[in-house]
Amino acid sequence: MVFRGTITDAPDFDPSADAEALYNAMKGMGSDKEAILDLVTSRSSAQRQEVIAAYKCSFGKDLIEDLKYELTGKFERLIVSLMRTPAYHDAKEVHDAVKGAGTNEKCLIEILASRNNKQIQDMVAAYKDAYGRDMEGDIIKDTSGHFKKMLVVLMQGTRDESGVVDADLVEQDAQDLYSAGEEQWGTDEAKFIMILGSRSVTHLRMVFDAYEKIAEKSIEDSIKNELSGDFERLMLAVVQCIRSVPMFFAKCLYKSMKGLGTVDNTLIRIMICRSEIDMLDIREFFRLRYEKSLYNMIKDDTSGDYKRTLLNLCGGDDDLAGEFFPEAAQLAYKMWELSAMAKVQLRPTVHPSTNFDPAADAQALRKAMKGFGTDEDAIIDIVAQRSNAQRQEIRQAFKSLLGRDLMKDLKSELSKNLERLIIGLMMTPADFDAKMMRKAMEGAGTDEHSLIEILVTRNNEQILAMNAAYQDAYKKSLENAIQSETSGHFCRILVSLVQGAREEGPEDVERANADAQELAEACNADSDDMEMKFMSILCTRSFPHLRRVFQEFVRYTNKDIEQIIKKETSGDVRNAFFAIVRSVKNQPSYFADRLYKAMKGLGTDDRALIRIMVSRSEVDLFNIRKEFKDTHEVSLHEFIQSDTSGDYRKTLLLLCGGED
């Protein structure tokens, strides 16, 4: 095994000298925290154990107890944890996860899904030695169901590590997983537990590829569809670790630091346990998946001596790094391949109402609005639970039966965000998109993010319908409006997209290779030529074709297209290219990120929230919900619940369609 840690054995190591240095750093008034953290983070775990022994021999004292006395808070927790052996540190983390009221299931999942057989066996023995109890028994008492069964399987530390692969068994396992889930009503969880809990890493990677060909979806998508709760999260973690342990930890680290507050226990645990194993790869995968280096995220999210210690463990800043490490390049290539192969079933949250009666709905809406006061609940229940086509029938029936304009009545009876949301739902998709484009360009300043989002994510038919609606409503072409409000290469990108002329066919492998080569060569040109070449390919090729182009780009350059865009472009041009790449990779994930940004922090971008909830509710809002929960570990329903209020919130939650 090749170790790619950031912490290695210190040369010319002298445990007695280190013990004396630590003693001097802690004696007298106060302590020299810099000396402590610099010494501890520049020694391997094995060397730290020698320092502990030398400290006791030289001074007759317990080094860990002295460190606990001298240090405080998160810094103390981090330094003391570094002084434990990996097995005893894991054992303590598991013990803390199950002791007292409540169980930290996330900690159990992270540790047991990611450790190899020897690490698990050493941890179980350390647990017995430290606490005089069986780890398996304590976990069984604190968990239940299929989640408990899979944890018990993983705790045995008996996964096949032979490396031998039986091609026939690969096909059989793939078929068995398909038969246990997607092919039948209900799920045979025992089959998932047996195969994912015992087969070798090499074998399972081949099983996942074979499964994808049978099911026409990834094993992750099937797990999300077939399983739920902690058992689903555990099985997804196992699959992610089979694919790439460093990528799994990069994701865990990101989740520990994003948003408000830091999950310090997770951050400390991972930085310690991976610092001597694969921290270099984790850093690279972090840079691959997210928009900043692990180093800079730690720097922005922590402070003081705690930050300095974590940065020492991290070992360096990758934001200016260029090429992938070999394993990261392979994973980047594989990610694009998976994206190209995946056939995602788009799922809406709003469906046509059964037993639909437009006349009855029209009468009910009129009743809700006439007289003193307005029955907002009645309006919301009708509008949010009809398809857009049905809403258009209601508008027509309202005019035919009552001689009134439903839109005008709604505008006069409702106000603020509720009015904007209900009116948006009552408009046709083309009229709504045209209005959103108009709003993004009117007044002082232009909302470039909205222009990008709409033009990147709509298909040709939708863009052409929006153009016609814009011309009809505002007596001006959308293209001319864009040219009036934007400039330079960004304007050219938007004008290209607004033509609604993107190719719509499948990938052409030979042409994709040529396109990837052209993009690679353009990276060496001046910025104007590069941006024009990127525009000519990113704005015109079909999404399936671009997936293949971006995959081959990794092979030609050993770099990811997103990193190149980030490094070589800026401003609105960069944002537009980023949006195209992310939509090509996973459009529901792109929208989930847009929704998160609309609601996080102080204040809510209600226009973005309304635009996405309205426009995606009959397309892929269910998929967006799943991506939101997977990425941010909080449901879209919860986010809306905490960030909005009143009838506006009620309508948004109806569109959301449920809690995850």
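All of these numbers come straight from a predicted model, not from anything done at the bench.

**Q** What is the right way to read the overall build of the chain from this model?
**A** Scanning the chain from terminus to terminus reveals 40 helices and zero strands. Relative to the 2.2 N^0.38 estimate, which gives 26 Å for 660 residues, the radius of gyration of the chain is 28 Å and therefore close to what a compact globule would have. Each of the three principal axes of the chain carries a C-alpha extent, and together these read 95 × 65 × 60 Å. Taking as baseline every contact in the chain between residues at least 6 positions apart, the subset at least 24 positions apart corresponds to 73%. Carbon together with sulfur atoms contributes 48% to the accessible area of the chain, which is approximately 28,700 Å² in total. Averaging the positions of the 88 positive and the 110 negative side-chain charges in the chain gives two centres separated by 4 Å.

**Q** Whenever I open this one, unusual backbone geometry confuses me. Can you help?
**A** Leaving glycine out, the prevailing phi sign among residues is negative, and the prevailing peptide bond configuration is trans. Residues other than glycine seldom take positive phi values, yet Glu216 does so here, at roughly 60 degrees. Assessed through its relative accessible area of 43%, Glu216 is described here as partly exposed. Notably, Lys416 is not glycine yet its phi reads approximately 55 degrees, a positive angle. With relative accessibility at 65%, the residue Lys416 sits in the exposed group.

**Q** I tried to follow helix H39 (residues 636-643) on my own but got confused; where do I start?
**A** Because an α-helix completes one turn every 3.6 residues, residues spaced three or four positions apart along the sequence face the same direction. Within H39 the residues assigned to the buried category are Leu636, His637, Phe639 and Ile640. Projected down its long axis, H39 carries its buried residues within an arc of 165 degrees, all on one side.

**Q** Got a minute to help me understand the packing of helix H26 (residues 416-426) against helix H40 (residues 646-656) in this structure?
**A** When two helices pack together, their arrangement is captured by the angle between the axes and the distance separating the axes. Interhelical geometry of H26 versus H40 gives an angle of 35 degrees and a closest axis separation of 8 Å. In terms of crossing hand, the pair formed by H26 and H40 is left-handed. Of H40, the residues touching H26 (which contributes Asn417, Leu418, Leu421, Ile422 and Leu425) are Asp647, Tyr648, Thr651, Leu652 and Leu655. Per-class residue counts for the contact of H26 with H40 are seven nonpolar, two polar and one charged.

**Q** What's the story with the side chain of His95 in this structure? I'm lost.
**A** Here His95 is to be found in helix H6 (residues 86-98). Using a relative accessible area of 18% as the deciding quantity, one classes His95 as buried. The contact partners of His95, leaving out residues within four places of it in the chain, are Tyr127 and Tyr131.

Thresholds, definitions, all that
- Residues numbered from 1 in each chain as written.
- Predicted model: local features only at pLDDT ≥ 70, side-chain atom pairs only at ≥ 80, totals over all residues.
- Heavy atoms only, no water.
- Helix = DSSP H or I, 4+ residues; strand = E, 2+ residues; numbered from the N terminus.
- Rg over C-alpha atoms; globule rule 2.2 N^0.38 Å.
- Contact = heavy atoms within 4.5 Å.
- Areas by Shrake-Rupley, 256 points an atom, 1.4 Å probe, with all protein chains shown as cover.
- Lys, Arg positive; Asp, Glu negative; His and termini not counted.
- Charge placed at Lys NZ, Arg CZ, Asp CG, Glu CD.
- Buried < 20%, exposed > 50% of the residue type's maximum accessible area, 1.4 Å probe, protein only.
- Arc of directions from axis to C-beta.
- Axes fitted to C-alpha atoms, helices over the stretch in contact; angles between N-to-C directions.
- Left-handed = near helix turned anticlockwise from the far one by under 90°.
- Nonpolar A, V, L, I, M, F, W, Y, C, P; charged D, E, K, R; others polar.

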